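# Summary of structural features
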Amino acid sequence: MATGRTHRPATRSRGIPEATVARLPLYLRALTALSERSVPTVSSEELAAAAGVNSAKLRKDFSYLGSYGTRGVGYDVEYLVYQISRELGLTQDWPVVIVGIGNLGAALANYGGFASRGFRVAALIDADPAMAGKPVAGIPVQHTDELEKIIDENGVSIGVIATPAGAAQPVCDRLVAAGVTSILNFAPTVLTVPDGVDVRKVDLSIELQILAFHEQRKAGEEAEAQAATASAAQEDNGKGPDGDLPAVMPA
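Owing to the predicted nature of the structure, the values given are computational and were not obtained by experimental measurement.

Time to look at the packing of aromatic side chains. Evaluated as defined, the whole model comprises four aromatic pairs. Taken together, a centroid distance of 6.5 Å and an interplanar angle of 40° make the contact between Tyr79 and Tyr82 tilted. In this pair, Tyr79 and Tyr82 both sit in helix 4 (residues 77–87), three residues apart, roughly one turn of the helix. Take Tyr79: its relative accessible area is 44%, and that puts it in the partly exposed class. On the accessibility criterion, Tyr82 (44% relative accessible area) is partly exposed. With centroids separated by 5.1 Å and ring planes inclined at 85°, the aromatic side chains of Tyr111 and Phe114 adopt a geometry described as edge-to-face. Taking relative accessible area as the criterion, Tyr111 reaches 44% and is therefore assigned partly exposed. In textbook terms, an aromatic cluster arises when at least three aromatic residues are bridged by ring pairs, as seen for Tyr27, Phe62 and Tyr75.

Here's what the structure looks like:
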C-alpha cells in the first residue's frame, strides 16, 4: 500500500479550485451515507440538499472531476465515492502523528473515523515524560524526543498539533524540518510555515464566537420585530407611540 510521503493528491495539478476541494468532503460524507443504505443513484438536487449546497454549485464542482451524471438517472453513488476519494487522496494510506496528548489529543486519538477515511494514526507524541508508554486508544504514547525518528520510520507527511499555544510553533518547526508537509492545528495560535507546507486551523473558540455573533444578531432582529408589531398595534388602536391621541384629529 502506498504511503503519504510518496504520493500527493492530484487536485492542484488538475486545476480544481480550493473552494471545490473544500466541498468534496461534504459530498463524500453524504455519498457514503447513501452507499451504506445501498442507494444506487442520486440526483444533483438530492445530493446537494444532503451536503448543504445548491445543486448548480454541485454540478459545477463535479464537472471539475469529469462527472456529469445521466439525465433522468442522476449520479452513480459508488462511482462518485471512488472518484472523490481518489481526488482527495483517500485511496491510499496516510500515516498521521498526533502531538500533544491532553484531553483534546486523546479525544482525537480515540476518534474512529480516521481509519475509515484513509488515515492511520501512526504515533501519539507528548512532551510529558510521565505519559511515555501509556496507551491511548490502544497506542502507546511516545516522547517528543522520538519525533523525528517516528516521522522518518513511518513516512509521515501529515501532523496534528493539539498542544498548548506556547508549544505549537516549536512543534510545528520540528515537524516541518522532519519532512511533514501538511499540518492540522488545534492549538489556539497562528503557525508560521515555509512555502509548500499546508496548514489547516481548527479553533473551537473562534467558531463559538461566530455563533455568538449570529445569536446576538438574531436576538436584535427579534426585538426590532416585536417593537414594530407593538407600534403597529398602537396605531391600529388610534393612538400614537406614546399612547396619546393623534395630534391632528379628523374633522
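Grouped together as the largest cluster of nonpolar side chains are 23 residues, with contacts concentrated most on Tyr27, Leu31, Val42, Leu47, Leu58, Phe62 and Ile84. At the level of elements, helix 1 (18–36), helix 2 (44–51), helix 3 (55–65) and helix 4 are the ones that each hand at least two residues to this core. The biggest single contributor to this core is helix 1, with seven residues. In this structure, Ile125, Ile151, Ala168 and Ala187 belong to the second largest nonpolar core, which totals 20 residues.

The next subject is helix 3. Each turn of an α-helix holds 3.6 residues, which means side chains three or four residues apart point in the same direction. Among all positions in helix 3, only Ser55, Leu58, Asp61, Phe62, Ser63 and Leu65 are buried. Its buried side turned inward, helix 3 meets helix 1, helix 2, strand 2 (75–76) and helix 4. Near the N-terminus of helix 3, the side chain that reaches the backbone nitrogen of Ala56, with its oxygen 3.2 Å away, is that of Asn54. Immediately beyond the C-terminal end of helix 3, within one or two residues, lies Gly66, with a positive phi of roughly 85°.

Right, let's talk about the pairing of strand 3 (residues 94–99) for a bit. Taken across its six residues, strand 3 has six buried, putting it largely inside the fold. Where burial is concerned, the two faces of strand 3 agree: the one with Trp94, Val96 and Ile98 and the one with Pro95, Val97 and Val99 are both buried. Here strand 3 runs beside strand 4 (residues 119–126); their pairing, made up of six bridges, is parallel. Bridging from a neighbouring strand, Val96 pairs with Val121 of strand 4. Note: strand 3 against strand 7 (residues 158–161), four bridges, orientation parallel. Considered in strand 7, the bridge of Val96 is made with Ile158.

A few words now on unusual backbone geometry. Residue Ser38 is not a glycine yet carries a positive backbone phi of 60°. Within the secondary structure, Ser38 sits in the loop between helix 1 and strand 1 (41–42). The backbone phi angle of Ala137 is positive, close to 55°, even though this residue is not glycine. Mapped onto the elements of the fold, Ala137 is located in the loop between strand 5 (135–136) and strand 6 (139–143).

Conventions and cut-offs
Residues numbered from 1 in each chain as written. Predicted model: local features only at pLDDT ≥ 70, side-chain atom pairs only at ≥ 80, totals over all residues. Heavy atoms only, no water. Phe/Tyr/Trp six-rings, centres within 6.5 Å; stacked < 30°, edge-to-face > 60°. Helix = DSSP H or I, 4+ residues; strand = E, 2+ residues; numbered from the N terminus. Buried < 20%, exposed > 50% of the residue type's maximum accessible area, 1.4 Å probe, protein only. Core = buried A, V, L, I, M, F, W, Y, C linked by side-chain atoms within 4.5 Å. Contact = heavy atoms within 4.5 Å. Polar contact = N/O pair within 3.5 Å; in protein donor to acceptor, adjacent residues only side chain to side chain. Pairing = 2+ DSSP bridges.

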